[in-house]
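Take a look at the letters that make up each chain.
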Amino acid sequence: MISLAGRDIMHAWGKFVLTGLGLGLLIGVTLSMAGIYRGMVDDARALLDNSGADLWVVQKDTLGPYAEPSSLYDDLWRSIRGMPGVARAANVTYLTMQVRQGEWDVRAMVTGITAGEPGTPGWPPYLVAGRQITRGHYEAVADIATGFRLGDQFQIRRNHYTVVGLTRRMVSSNGDPMIFIPLKDASEAQFLKDNDAIHQQRRRTVETPAFNRPGIPDLLDEVIASQSTNPYVNAVLVQIKSGYVASDVADSIRRWQRLQVYDRIQMEQILVGKLIATSAKQIGMFLVILSVVSAAIVAFIIYTLTLGKIREIAVLKLIGTKNRTIAGMILQQAIALGLIGFVVGKITATLWAPIFPKYVLLEPLDSVRGFVAVVIICVLSSFIAIRAALKVDPAEAIGG
Amino acid sequence: MIGKGIVIEGLKKRYGSGETAVDALKEVNMQVAPGEVVGLIGPSGSGKSTLLKCLGAVIEPTAGRMKLGDEIIYDNGWKVKDLRALRRDRIGFIFQAPYLIPFLDVTDNVALLPMLAGKPNAESRKQAVELFKALDVEHRAKAMPSQLSGGEQQRVAIARGLVNRPPVILADEPTAPLDSERALAVIRILNDMAHRFETAIIVVTHDEKIIPTFKRIYHIRDGVTQEESGEGKDFQ
């Protein structure tokens, strides 16, 4: 038996391919939406992986440092370092801001890292060019997605920095590329006020009788000095010694330091389950809408194609074609349309994924799921056309 | 399988019921022998199409009897379970317009019927090509329907009606869209084929050009058939 669907498609292949192209672009958008969600999850995981930490110590009762602001004294790391099971502990600050890059502003997560060596928590684990930060001030390592090159200079607040190293795939949970600078500079960028504000604050302090006591001449200087120093960081990143269980060390820090401690799994739950949950729902809604739109388009196209063949279907029925042969013809056409659409969609999604400003991760399993969904949608969409075809009276082929 | 024509006795068809019932066929009696071509003529609304649909097993008569070859297919109810197979294997259809399937080439348009009946593709196509020789469209076997002239399309449609060697062929106004010359050519072909394949052919028409060519004519008026002798003019 010849393939009626195949012959019909070959007969009007131009119309069919163009329709498949249109559907394919829609499927491409759908796959890209799934890829955007996967990219967000992957960005969150990359942030955790690249931090080199086993535990995140943050301000009590906060979900910091990524999902909520967190503030800790900068000397806490010493007492944490001394606790059983802790191999390394390092302060870290995070500040998402606009950084001028040439003619453009680039949104970046500026990360303050302590002096140390590669492998220190918070440090970029690898470089693609240049070197790590070796000086205590004004050097930076930037993710290549920022657009910076080695030797470029940029400004954060009042200070200028020189890019000494480039790294890759160092991103915040929002997908913003990271710029690593020395901790002191980062703290200053985050907490230090501008000159006018400092001047105002000093004036207020001088005019406050409680601080400006002629009988205690050093008091005013001490107060002013304390106001201009910044003893805060956002978190302490902890690496645990081998042989220790992360949850045990975390319990110990919670109990003795009265701080919030998250292990890797908990931090991932915060990032994926809370920080990007709304975005995930948003994307989920888009996926549902796009699926419905795709289904409606396939249904409409197949229905229209079928209505255009009513007389032929009547003739086929009159000359004894079985209903299942006619239904099979329509079903095969719907699936063929879906296949063309899926191939076009997959190709377009792959081609335009790198153009997206944020990471789009097209996972093979998502493609498989997408393929199955497309086939199911096409099958369901063809039911309306099949119903219309099966209702055709063979008597319509006979005049009168 | 060549059958023994078709016999219709007291066929009735009523649409609706009660006060709104319409008797489209009141008393239809016909007999067409193998190799015979008869005309079925009548004014609009006389019941021609209804009769054709009943004979084609598309709608069910209300009462009467139909015999196809040796088999009673209707006797106050269908006696054949699979009407679809009956239409496919034992009744040939030729329509007012050729109604060829536009996405199949000429050969497959005709070979589709034996294929639907379960015959292998190659055998079905061979069967179609044999008919094309008889109908002088062999050279158009690979063409698409849109590439054929009106006369060629109608000959392919005749081939489709004949390909399963049905005992009866129902032709619904087969010459309506054709000029006199081509209309007579189609009737000539139908007569040829009827003789060659021992097929009974009923031609529904009100085409004045071809009416004189029938040796027997059934007039249908208000759902009642009446047999008449035709002129049986030589149309060669």
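Residues numbered from 1 in each chain as written. Chains lettered and ligands numbered in written order. Predicted model: local features only at pLDDT ≥ 70, side-chain atom pairs only at ≥ 80, totals over all residues. Heavy atoms only, no water.

Caption draft 1: Looking closely at the overall build of chain B. Each helix and strand counted, chain B has six helices and ten strands in total. If one aligns the C-alpha atoms of chain B with their principal axes, the spans along those axes are about 55 × 40 × 30 Å. Per-residue burial over chain B gives 57% buried out of 236 residues. Carbon together with sulfur atoms contributes 46% to the accessible area of chain B, which is approximately 9,900 Å² in total. Of the charged side chains in chain B, 32 are positive and 31 negative, and the gap between their average positions amounts to 4 Å. (Helix = DSSP H or I, 4+ residues; strand = E, 2+ residues; numbered from the N terminus. Buried < 20%, exposed > 50% of the residue type's maximum accessible area, 1.4 Å probe, protein only. Areas by Shrake-Rupley, 256 points an atom, 1.4 Å probe, with all protein chains shown as cover. Lys, Arg positive; Asp, Glu negative; His and termini not counted. Charge placed at Lys NZ, Arg CZ, Asp CG, Glu CD.)

Caption draft 2: Seen up close, the interface of chain A and chain B. If you look at the interface, chain A gives 26 residues, while chain B gives 25 residues. Among the residues of chain A in contact with chain B, Met1(A), Ile319(A) and Ile398(A) are the three that bury the most area, contributing 24% of the side total. At the junction of chain A with chain B, the criterion picks out one salt bridge. The partner of Arg7(A) in a salt bridge is Asp108(B), and the shortest N-O contact between them spans 2.6 Å. On inspection of chain A and its partner chain B, the count reaches six residue pairs in polar contact (both at pLDDT 80 or more). (Contact = heavy atoms within 4.5 Å. Buried area = accessible area lost by both parts, 1.4 Å probe. Salt bridge = Lys/Arg side-chain N within 4 Å of Asp/Glu carboxyl O. Polar contact = N/O pair within 3.5 Å; in protein donor to acceptor, adjacent residues only side chain to side chain.)

Caption draft 3: Here's a closer look at the domain arrangement of chain A. Residues and elements named next belong to chain A. As assigned here, chain A comprises domain 1 (4-43 + 277-397) and domain 2 (60-192 + 230-258). Summarising the inter-unit geometry, the C-alpha centres of domain 1 and domain 2 are found 47 Å apart. Counting from both sides, the interface comprises six residues of domain 1 and, opposite them, six residues of domain 2. Carbon and sulfur atoms supply 35% of the area that domain 1 and domain 2 bury against each other, a total of about 420 Å² over both sides. Area buried by domain 1 at its contact with domain 2 is led by Asp43, Lys358 and Tyr359, which between them contribute 84% of it. For the salt bridge of arginine 169 with aspartate 43, the shortest nitrogen-to-oxygen distance reads 2.8 Å. Linking domain 1 with domain 2 are three residue pairs in polar contact (both at pLDDT 80 or more), by the criterion used here. (Domains from an automatic or database assignment.)

Caption draft 4: Structural context of a nonpolar patch on the surface. Residues and elements named next belong to chain A. Nonpolar side chains collect at one region of the surface, where Leu339, Leu365, Val368, Phe371, Val372, Ile376, Leu380 and Phe383 lie side by side and expose about 710 Å² of accessible area between them. Tallying contributions element by element places helix H12 (residues 364-390) first for the nonpolar patch, with seven residues. Inspection of the secondary structure assignment puts leucine 365 in helix H12. (Patch = residues over 30% accessible without salt bridge, like charges linked within 9 Å, V, L, I, M, F, W, Y side chains within 5 Å.)

Caption draft 5: Here's a closer look at the packing of aromatic side chains. A complete count under the given rule lists nine aromatic pairs over all chains for this structure. Judged by centre distance (6.2 Å) and plane angle (5 degrees), the rings of Phe93(B) and Phe95(B) are stacked. Across this residue pair, the class does not change: Phe93(B) and Phe95(B) are buried. Through a chain of ring-to-ring contacts, three or more aromatic side chains come together here, namely Tyr138(A), Phe148(A), Phe154(A) and Tyr161(A). The aromatic ring of Tyr359(A) is capped on one face by Arg169(A), whose charged end is 3.8 Å from the ring centroid. (Phe/Tyr/Trp six-rings, centres within 6.5 Å; stacked < 30°, edge-to-face > 60°. Lys NZ or Arg CZ within 6 Å of the ring centre and 35° of its normal.)

Caption draft 6: Summary view of the side chain of Asp176(A). All names here are of chain A. The topology assignment puts aspartate 176 in the loop between strand S8 (159-167) and strand S9 (178-182). One buried charged side chain, aspartate 176, makes no salt bridge at all; its nearest oppositely charged neighbour is arginine 107, positioned 4.0 Å away. What aspartate 176 contacts, discounting residues up to four positions off in sequence, is Thr96, Arg107, Ala108, Met109, Met170 and Val171.

Caption draft 7: Representation of helix H6 (residues 180-197) of chain B in the model. All names here are of chain B. Counted at 1.5 Å a residue, the expected span for H6 with its 18 residues is 26 Å, and the 25 Å between its end C-alpha atoms agrees. Looking only at H6, the buried set comprises Ala183, Val186, Ile187, Ile189, Leu190, Asn191, Met193, Ala194 and Phe197. Of the residues flanking the end of H6, it is glutamate 198, one or two places downstream, whose phi is positive at about 55 degrees. (Expected span 1.5 Å × (residues − 1).)

Caption draft 8: A look at helix H7 (residues 246-257) of chain A. All names here are of chain A. Taking 1.5 Å per residue as the helical rise, H7 with its twelve residues ought to reach 16 Å, and the 16 Å between its terminal C-alpha atoms agrees with that figure. If you check which residues of H7 are buried, you get Val249, Ala250, Ser252 and Ile253. Down the axis of H7, the sector holding all buried residues measures 160 degrees, keeping them to one side. Turning to H7, the residues buried within the fold contact strand S1 (55-58), helix H3 (76-81), strand S3 (86-101), strand S11 (235-240) and strand S12 (260-263). Backbone geometry just after H7 places arginine 258 at a positive phi near 50 degrees. (Arc of directions from axis to C-beta.)

Caption draft 9: How the structure looks around the nonpolar core. Counting 115 residues, the largest nonpolar core has Leu11(B), Leu51(B) and Ile202(B) as the members making the most contacts within it. Per element, the largest residue contribution to this core is nine residues, and it comes from helix H11 (residues 323-352) of chain A. Residue contacts for Leu51(B): discarding those within four places in its chain leaves Leu11(B), Leu25(B), Val28(B), Met30(B), Leu40(B) and Ile220(B). Formed by 24 residues, the second largest nonpolar core is a distinct cluster that contains Tyr66(A), Ile113(A), Leu237(A) and Met267(A). (Core = buried A, V, L, I, M, F, W, Y, C linked by side-chain atoms within 4.5 Å.)

Caption draft 10: Structural detail: the side chain of Asn91(A). All names here are of chain A. Here asparagine 91 shows up in strand S3. A residue is classified by how much of its surface remains accessible, and asparagine 91, at 3% relative accessible area, is buried. Of note is the side chain of asparagine 91, whose polar atom sits 2.8 Å from the backbone oxygen of aspartate 74. Ignoring anything within four residues of it in the chain, the contact list for asparagine 91 reads Asp74, Trp77, Gly112, Thr114, Leu183, Val233, Ala235 and Val236.

Caption draft 11: Representation of the environment of Ile169(B) in the model. Residues and elements named next belong to chain B. Following the sequence through the fold, isoleucine 169 ends up in strand S7 (residues 168-172). Classification of isoleucine 169 as buried rests on a relative accessible area of 0%. Residues isoleucine 169 and alanine 194, 25 residues apart in the sequence, show an inter-C-alpha distance of 8.9 Å. With residues near it in sequence (within four places) discarded, isoleucine 169 still touches Gly92, Ile94, Gly161, Leu162, Thr199, Ala200, Ile201 and Ile202.

Caption draft 12: View of the pattern of salt bridges. Residue and element names in this part refer to chain B. Inspection of the entire model under this criterion finds 26 salt bridges over all chains. The residue glutamate 9 makes a salt bridge to arginine 65 at a minimum N-O spacing of 3.2 Å. With glutamate 9 in strand S1 (residues 6-15) and arginine 65 in strand S4 (residues 63-68), this pair connects stretches of sequence that are 56 residues apart. On the basis of relative accessible area, glutamate 9 is assigned to the partly exposed category, the value being 37%. Look at arginine 65 and you get partly exposed, because its relative accessible area is 28%. We note a salt bridge from lysine 12 to glutamate 27, for which the minimum N-O separation is 3.1 Å.

Caption draft 13: Representation of the environment of Glu207(A) within the structure. Checked against the element boundaries, Glu207(A) lands in helix H5 (residues 195-207). Taking C-alpha positions, Glu207(A) is 92 Å from Lys309(A), a pair spaced 102 residues apart along the chain.

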